[in-house]
Amino acid sequence: MDPSEIRKKIDRFRVLVIGRANAGKTTILQRVCNTRDNPEIYNSAGEKINTAVLMASTERGEHDIENEMVFRSNPGFVFHDSRGFEAGGESEFDKVKAFITSRSKETRLTNQLHAIWYCIPMDEACRSFTKGEIKFFSQCDTGSIPVIVLFTKFDALYDDAYTRLKSEGASMEEAEEQAPKRAEDLFAMGPQLRFLYHSKDIKRPPKCHICLPNMDKDDADCGPLIERTAGTLDNEVLKQLFVSTQQTNLEVCMKYAVER
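This report concerns the structure included in the present document. Bear in mind the structure is a predicted one, so any value in this text is a computation, not a measurement.

## Comments concerning the pairing of strand β6 (residues 147-152)
Within β6, six of the six residues are buried, which leaves it mostly tucked inside the rest of the structure. The side-chain alternation of β6 yields two buried faces, one formed by V147, V149 and F151 and the other by I148, L150 and T152. With six bridges connecting them, strand β5 (residues 115-121) and β6 associate as parallel partners. Paired with Y118 across the bridge in β6 is V149. Judged from the five bridges that link them, β6 and strand β7 (residues 208-212) form a sheet pairing that is parallel. Bridge pairing in β7 links I148 to C208.

This is the structure we're talking about:
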């Protein structure tokens, strides 16, 4: 189906973004939508929410997962935000679970949830999974909605890799150049991924994961996230919608245009 025809039927690609505070969620969404601007927020009735009102609600601890985040630079994406499940977060977990279930029951594809990005920051002093994250990957049935784990702020691991390389005899220049690759290699063999994919505590592992460093930089590359997300979509119509909606990676557009 032609992308323009797909857009007439589905309109927008819908993503639920889950993550702890300061996980870098907004920064990543800005990169995906190629902007530095903040998103506009709309309620479930499609009415724009005043920023001052929204901030006041947030300060009171109120949060509505049904609200839609839309960037003017790319209104083809609509994002829903969950604050993650910190300090137990039983109430937030129940809201997320109910939201996923209700969206799965939507009859119109445009109102359904199309993907879930779960953000876990790597700059935390303790980089193990929280109880809330373990609970999500153990108990939350997302059905056919793919879950991709985003290990954000991945460049926080570069210092450890740099130190290892220096201890092995590398020069400062060599260690600095090789640190990103060494960090990825160490992480691939580390406890986080073993736990996420092979632990008996994780009964509903994600479809895949992606490591995202330096997303706050002007030349940040979110191409791997775009390609990995496209690869998890089994519905060909949704895949074409996603690929045509994203505007940051021409290579992905060309790849899926050739495969069609």
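## Notes on helix α8 (residues 191-198)
Restricting attention to buried positions, one finds in α8 the residues Q192, L193 and L196. Along α8, the residues classed as buried sweep out an arc of 90° about the axis, all on the same side. Structural note: α8 exposes P191 and H198 on the side pointing more than 90 degrees away from its buried face. Residues of α8 that are buried in the fold lie against α5 (131-139), β6, α7 (172-188) and β7.

## As for α7
If you check α7, its first and last C-alpha atoms are 24 Å apart, about what 17 residues at 1.5 Å a residue would give, namely 24 Å. At A179, α7 shows its strongest bend, of approximately 50°, with the proline P180 following within four residues. When we look at burial in α7, the residues that qualify are A175, A179, A183 and F187. Along its buried surface, α7 packs onto β6, α6 (158-167), α8 and β7.

## Quick look at the packing of aromatic side chains
Throughout the structure, instances matching the rule amount to 13 aromatic pairs. Between F136 and F137, the aromatic rings sit 5.1 Å apart at their centres with planes inclined by 90°, giving edge-to-face as the arrangement. Between F154 and Y158, the ring centres sit 6.5 Å apart and the planes meet at 85°, which makes this aromatic pair edge-to-face. Neither residue differs from the other here; F154 and Y158 are each classed as buried.

## Comments concerning the packing of helix α9 (residues 223-232) against helix α10 (residues 236-245)
The N-to-C vectors of α9 and α10 enclose an angle of 165°; their axes lie 9 Å apart at closest approach. By the angle class used here, α9 and α10 are roughly antiparallel. Judged by the twist between their axes, the crossing of α9 over α10 is right-handed. Within the contact between the two elements, α9 uses I226, T229 and A230 and α10 uses K239, F242 and V243. Of the residues assigned to the contact of α9 with α10, the class counts are four nonpolar, one polar and one charged.

## Some points on the pattern of salt bridges
With the rule as written, the count across this model stands at 14 salt bridges. For the salt bridge of D123 with K153, the shortest nitrogen-to-oxygen distance reads 3.6 Å. With D123 in the loop between β5 and α5 and K153 in the loop between β6 and α6, the pair connects residues that are 30 residues apart, well separated along the chain. Among the residues examined, D123 registers a relative accessible area of 39% and is labelled partly exposed. Residue R182 is joined to E168 by a salt bridge in which the shortest nitrogen-to-oxygen separation is 3.0 Å. With R182 in helix α7 and E168 in the loop between α6 and α7, this residue pair connects regions lying 14 residues apart in the sequence. Here R182 falls in the partly exposed class, since its relative accessible area comes to 23%.

The rules behind the values
- Residues numbered from 1 in each chain as written.
- Predicted model: local features only at pLDDT ≥ 70, side-chain atom pairs only at ≥ 80, totals over all residues.
- Heavy atoms only, no water.
- Buried < 20%, exposed > 50% of the residue type's maximum accessible area, 1.4 Å probe, protein only.
- Helix = DSSP H or I, 4+ residues; strand = E, 2+ residues; numbered from the N terminus.
- Pairing = 2+ DSSP bridges.
- Arc of directions from axis to C-beta.
- Contact = heavy atoms within 4.5 Å.
- Expected span 1.5 Å × (residues − 1).
- Bend = angle between axes of the 7 residues up to and from the residue.
- Phe/Tyr/Trp six-rings, centres within 6.5 Å; stacked < 30°, edge-to-face > 60°.
- Axes fitted to C-alpha atoms, helices over the stretch in contact; angles between N-to-C directions.
- Parallel < 35°, antiparallel > 145°, perpendicular 65-115°, else oblique.
- Left-handed = near helix turned anticlockwise from the far one by under 90°.
- Nonpolar A, V, L, I, M, F, W, Y, C, P; charged D, E, K, R; others polar.
- Salt bridge = Lys/Arg side-chain N within 4 Å of Asp/Glu carboxyl O.

Distances and angles like these do not, on their own, reveal function.
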